[in-house]
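# Coordinate inspection notes
What follows is each chain in one-letter form.
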Amino acid sequence: MQPFFRVTAWLVVAALVFVTLSPIGLRPSVAPANVERALAYGALGMLFVLAYPRRWPVILAGVVALAAILELGQGLTLTRHGRLSDFLVKGGAAMLGTVLALAATSIAARRTRS
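Summarised in this report is the structure supplied together with it. (Residues numbered from 1 in each chain as written. Predicted model: local features only at pLDDT ≥ 70, side-chain atom pairs only at ≥ 80, totals over all residues. Heavy atoms only, no water.)

Helices and strands together make up the secondary structure of the protein, namely four helices and zero strands. The order of α-helices and β-strands along the protein, N terminus first, is α-α-α-α. For the protein, the proportion of contacts with a sequence separation of at least 24, taken over those separated by at least 6, is 71%. Accessible surface for the protein amounts to roughly 7100 Å². Of this, 74% is attributable to carbon and sulfur atoms. (Helix = DSSP H or I, 4+ residues; strand = E, 2+ residues; numbered from the N terminus. Contact = heavy atoms within 4.5 Å. Areas by Shrake-Rupley, 256 points an atom, 1.4 Å probe, with all protein chains shown as cover.)

Shown next as structure tokens:
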């Protein structure tokens with residue numbers, strides 16, 4: 001399953017780069033913006049932990065850094081703007097997703113050993 005999670009995690013990164021930095025008119029909208037942000041970055045943290053379970057400290061830092069970099073990158077576009085509040089939602093959700101996946105993998109590993 002790890003190859004599936006690896007490909008999926010990197011595809012989600014590509015999608016997040018596109019929807020974060022593309023003109024606002026190209027950004028899809030299916031739910032309130034903060035819900036979309038939280039789900040996307042929470043899923044990203046989870047996918048990366050499932051893809052690279054032993055690298056969780058790097059993943060934790062990396063998903064939060066990605067949220068910060070993309071939020072700052074919006075300042076370079078004409079139709080977007082980065083906000084601290086948006087970063088807090090994204091970064092917090094990324095951390096939560098990472099920690100939840102880490103807990104789930106730890107529990108699964110303990111059950112396998114028992």
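Our focus in this paragraph is the packing of helix α2 (residues 33-51) against helix α3 (residues 56-73). Contact geometry for α2 and α3: axes closest at 10 Å, N-to-C directions at 150 degrees. Here α2 lies roughly antiparallel to α3, going by the angle between them. Relative to α3, the crossing made by α2 is right-handed. Of the residues in α3, those touching α2 at Tyr41, Leu44, Gly45, Phe48 and Val49 are Trp56, Ile59, Val63, Leu66, Ala67 and Leu70. Of the residues that constitute the contact of α2 with α3, the class distribution is 10 nonpolar, one polar and no charged. (Axes fitted to C-alpha atoms, helices over the stretch in contact; angles between N-to-C directions. Parallel < 35°, antiparallel > 145°, perpendicular 65-115°, else oblique. Left-handed = near helix turned anticlockwise from the far one by under 90°. Nonpolar A, V, L, I, M, F, W, Y, C, P; charged D, E, K, R; others polar.)

Now for the packing of α2 against helix α4 (residues 84-113). Orientation of α2 relative to α4, taken along the N-to-C sense of each, is 35 degrees, at an axis distance of 7 Å. For the pair α2 and α4, the crossing hand works out as right-handed. Note on element contacts: α4 touches α2 through Asp86, Val89, Lys90, Ala93, Ala94, Gly97, Thr98, Leu100, Ala101, Leu102 and Thr105, opposite Asn34, Arg37, Ala38, Tyr41, Gly42, Gly45, Met46, Val49 and Leu50. A breakdown of the residues in the contact of α2 with α4 according to their chemical character gives 11 nonpolar, six polar and three charged.

Once that is clear, we can look at α3. Compared with an ideal rise of 1.5 Å per residue, which puts 18 residues at 26 Å, α3 spans 25 Å between its outermost C-alpha atoms and is within 8% of the ideal. Within α3, the full set of buried residues consists of Ile59, Val63, Val64, Leu66, Ala67, Leu70, Glu71 and Gly73. In this fold, the buried residues of α3 make contact with α1 (2-21), α2 and α4. (Expected span 1.5 Å × (residues − 1). Buried < 20%, exposed > 50% of the residue type's maximum accessible area, 1.4 Å probe, protein only.)

Inspection of the entire model under this criterion finds three salt bridges. Between Asp86 and Arg37 there is a salt bridge whose closest N-O contact spans 3.4 Å. A residue pair is termed long-range when its members are at least 10 positions apart, and Asp86 in helix α4 and Arg37 in helix α2 qualify at 49 residues. Both residues of the pair, Asp86 and Arg37, belong to the buried class. (Salt bridge = Lys/Arg side-chain N within 4 Å of Asp/Glu carboxyl O.)

With that settled, consider α4. Taking 1.5 Å of rise per residue, the 30 residues of α4 would be expected to cover 44 Å, and the 43 Å separating its terminal C-alpha atoms lies within 8% of that figure. For α4, the complete set of buried residues consists of Asp86, Lys90, Gly91, Ala93, Ala94, Gly97, Thr98 and Ala101. At its buried positions, α4 is contacted by α1, α2 and α3.

Accessibility expressed as a relative area gives 19% for Arg37, which makes it buried. Sequence-distant contacts of Arg37, that is, excluding residues within four places in its chain, are made with Asp86, Val89 and Lys90.

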